[in-house]
Amino acid sequence: MKINALIVDDNQIDRHILKRWLKKCSFETNVVEVSDGQFALDYFEENKGMQADGYPPSIIFLDINMPRVDGFGFLEAFSKIRDRDQLGSTVVVMFTSSPHQNDRENAFKWDFVTNYIVKGEFETQQIEEIVTGYSAKQSA
Amino acid sequence: MRTTINQSETSSLQAITGHVHLRDWQDDVSFSGCQEQTKGHKTLKDDRSEFYRSALNSIHDLVLVKGPNAELLWANQAFLDYYGMTQEDLSQIIDAKHSDPDDTLQYVKDDLTVFQSGKSLNILQESVTNAAGDIRYFHTIKSPVFENGKVVRTVGVSRLIEDADITTRAIGHEDAKQHVAPIKAMAGSFPNPMLMVDVHARVLNSSPLWKSYFGAPMGNAEGVFCDVYPDLPDLADHLERCLKLQSSVEDTVTHVAKDGTQQVFSARTCPWHYQDGSVGGATIIATDITILHEKSAELSRVNEELKQFAYRASHDLKGPLSTAKGLAKFIAMDVADGDLDGAIVNARLIEDVMGKLEKSVMSFLALATADANNTEATVVDVQGLIADICRGLAHDIDAANVIIETDLERKSVLIQHVRLRQILENLLANGVKYSDPDKERRFVKVCCRNIDDERFELTVEDNGCGIPSAVKHKIFDLFSRFHEKSQGTGLGLAIVKKHVEDLGGEIAVESTKTGTLFRAILPASPEELDS
């Protein structure tokens, strides 16, 4: 089974780090990366209705502090896209350097946000668990 | 020899006046005036009025009837003679103009005592000034007049006394006057807004600052506070509470000045007392705290800004550290796997990230020390400064292939050098960073020109990517990043704005046909107009 992941982060090196951890997972992953919330929304518009290799993403790794559309702006817009395009199985994992409780609470207001990972503070097996947990849920 | 009015005499007087009152008071004309009687249309009622009137006017003692606000309603002939007034003259006044105001104050206080206690008050000695200005001493008994079980008026009977050694009252009248005089004097010359009232909240005196803030009492100095100052209902309420509860009231009140500006006062209303502890009235001391009030609002705003700043700053500092931590883990893994090339790549990445962190720290420092840059203004050669900044940005300018143009009608300015440098540095760097690669000729143009003797204009214009109109109002906010190419801290324009404002100028952003224009208007010193 192949897992499609979309990484939304303006920091190229953070995307690089996350990609490397995803590569180490026991599941094969198909990674698409964009550099801010606006690009992520554009990506969903461009691929609307497609069922190609790599689309739609199963897990979106989402940064908060980004230019143009930030993480929360994306969540708001994505909740509509998710309903419209019937992307009910797509979940969001926050991947941010913000440890603030406010940000955490704001993110978990959306029921499709399943995890909140703070950059530099996560254990490497956490990524594996998230991906494994996701695929287990899908096959159940 | 002591002369006193014996009790039975007083009681009978009281009975007479009370009686007159009950039956005939409404028929004022028949009692106080004589027109009807002189015309010879005497009714039974008139006969009775005339009967009591003539009886009262025959008494050598002064007889006077007063209403609930201590206003004179009627007095007998002896009183009118002593005061040199007619019945009409004294209608509805508190006291004659020639009276000592401090005496009047005491009379009013005594009236109130009778009203409140419902009992007669025996005043063994009080001074009363006659029409000629002579002061004599009287023994007065003030008694309540009841209607339906309620005190509605007072009637006083005063007998002239010769011997002045009667001091059986708790406070001698003169003592009371002497006691009140300094309070009154203080109210009149207090260096803050201050006002003094009697027990009926009648204005007795106020300080010059009070008058300049709230206006002087018009005409009648005996006006009740709420009538004199109808635009100060809060203070009228304070006075009422203060006099009723005999305790001080302190609160903040707002007042709209004549020019429409809102003023805020901290007002303390306290009762003042006679020597015997009885309340004589109240004073209001108001302190103008408008500026404090504004400062406190400003402080709250700055605090909130600071909180936001700390939140975002911690985020921007933590981000690169987290990244570096992740990369360090990779290096350890790479070394363990024998992948030295991979380790080198990751080490370089750490170097990049640390470079960015360094930039962030420098920006924070620039912002934090913007205030500390209050150095002496020096004459700055604008062209030279721009050339120097461009040398620092040379790498980016070359990479983006941007032409830097200048149009300097004004070649030098007297300004704090560091501030102007940071303003131009940030605006030029932005212009270069957000140049539009799709345009054939890319430029950033700096203009400096005089507006008038007091101001000059500095503009930085580019034909770059532009700023979306939806976010233009947020462009100077801390940590605002609106561009996909933005890799900055989002502090640059916030620093620019801070410097411009600290210099006493203003800055705005405009979208032009081809790009963006920042326009700063700064104060100029006329004496250094172009060399």
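Residues numbered from 1 in each chain as written. Chains lettered and ligands numbered in written order. Predicted model: local features only at pLDDT ≥ 70, side-chain atom pairs only at ≥ 80, totals over all residues. Heavy atoms only, no water.

1. A look at the confidence of the model for chain A
Taken residue by residue, chain A gives an average pLDDT of 89. The fraction at 70 or more is 98%. Of all the helices and strands in chain A, helix H5 (residues 124–139) of chain A carries the lowest mean pLDDT, 80, while strand S3 (residues 59–62) of chain A carries the highest, 96. (pLDDT = per-residue confidence, 0-100. Helix = DSSP H or I, 4+ residues; strand = E, 2+ residues; numbered from the N terminus.)

2. Remarks on the packing of helix H13 (residues 382–392) of chain B against helix H15 (residues 417–433) of chain B
All names here are of chain B. Close contact between H13 and H15 brings their axes to 10 Å; oriented N to C, the two are set at 55°. Relative to H15, H13 is oriented oblique. Crossing of H13 against H15: the hand is right-handed. When H13 is examined against H15, the residues Leu385, Ile386, Asp388 and Ile389 are found in contact with a partner set consisting of His417, Leu420, Arg421, Leu424, Glu425 and Leu428. Here the residues of the contact of H13 with H15 are counted per class, giving six nonpolar, one polar and three charged. (Axes fitted to C-alpha atoms, helices over the stretch in contact; angles between N-to-C directions. Parallel < 35°, antiparallel > 145°, perpendicular 65-115°, else oblique. Left-handed = near helix turned anticlockwise from the far one by under 90°. Contact = heavy atoms within 4.5 Å. Nonpolar A, V, L, I, M, F, W, Y, C, P; charged D, E, K, R; others polar.)

3. Observations regarding the sheet that holds S3(A)
Residue and element names in this part refer to chain A. Read across the sheet, five strands follow the order S2-S1-S3-S4-S5 without closing on themselves; strand pairing throughout is parallel. Of all the strands in the sheet, just strand S2 (28–34) and strand S5 (113–118) have a single pairing partner and so form its edges. Averaged over all neighbouring strand pairs, the angle between strand axes comes to 20°, with direction disregarded. In terms of strand pairing, strand S1 (residues 2–8) meets S2 through seven bridges, oriented parallel. (Pairing = 2+ DSSP bridges.)

4. Looking at empty space enclosed by the protein
Residues and elements named next belong to chain B. Tallied over the entire structure, the rule returns eight cavities of 30 Å³ or more. Of the pockets and cavities examined, the second largest cavity occupies roughly 140 Å³. Leu64, Phe79, Tyr83, Tyr107 and Glu126 are, among the 14 residues lining the second largest cavity, the residues nearest its centre. Broken down by secondary-structure element, the contributors of at least two residues to the lining of the second largest cavity are strand S1 (62–66), helix H5 (77–83), strand S3 (121–129) and strand S4 (135–147). For the lining of the second largest cavity, the element with the highest residue contribution is S1, accounting for three residues. A breakdown of the residues in the lining of the second largest cavity according to their chemical character gives eight nonpolar, two polar and four charged. (1 Å grid on protein atoms, 1.4 Å probe; cavity = no way out; pocket = protein on both sides within 12 Å on 5 of 7 lines; lining within 4 Å. Points joined across faces, edges and corners; volume = space filled by probe spheres on them.)

5. Quick word on the interface of chain A and chain B
Interfaces are frequently sized by the accessible area removed from exposure as the parts join. Counting residues at the interface gives 26 residues for chain A, matched by 25 residues for chain B. Both faces combined, the contact of chain A with chain B buries some 2200 Å², and carbon together with sulfur accounts for 52% of it. The three residues of chain A that bury the most area against chain B are Ile13(A), Arg20(A) and Asn65(A), which together make up 26% of that side's buried surface. Taken together, chain A and chain B are joined by two salt bridges. (Buried area = accessible area lost by both parts, 1.4 Å probe. Salt bridge = Lys/Arg side-chain N within 4 Å of Asp/Glu carboxyl O.)

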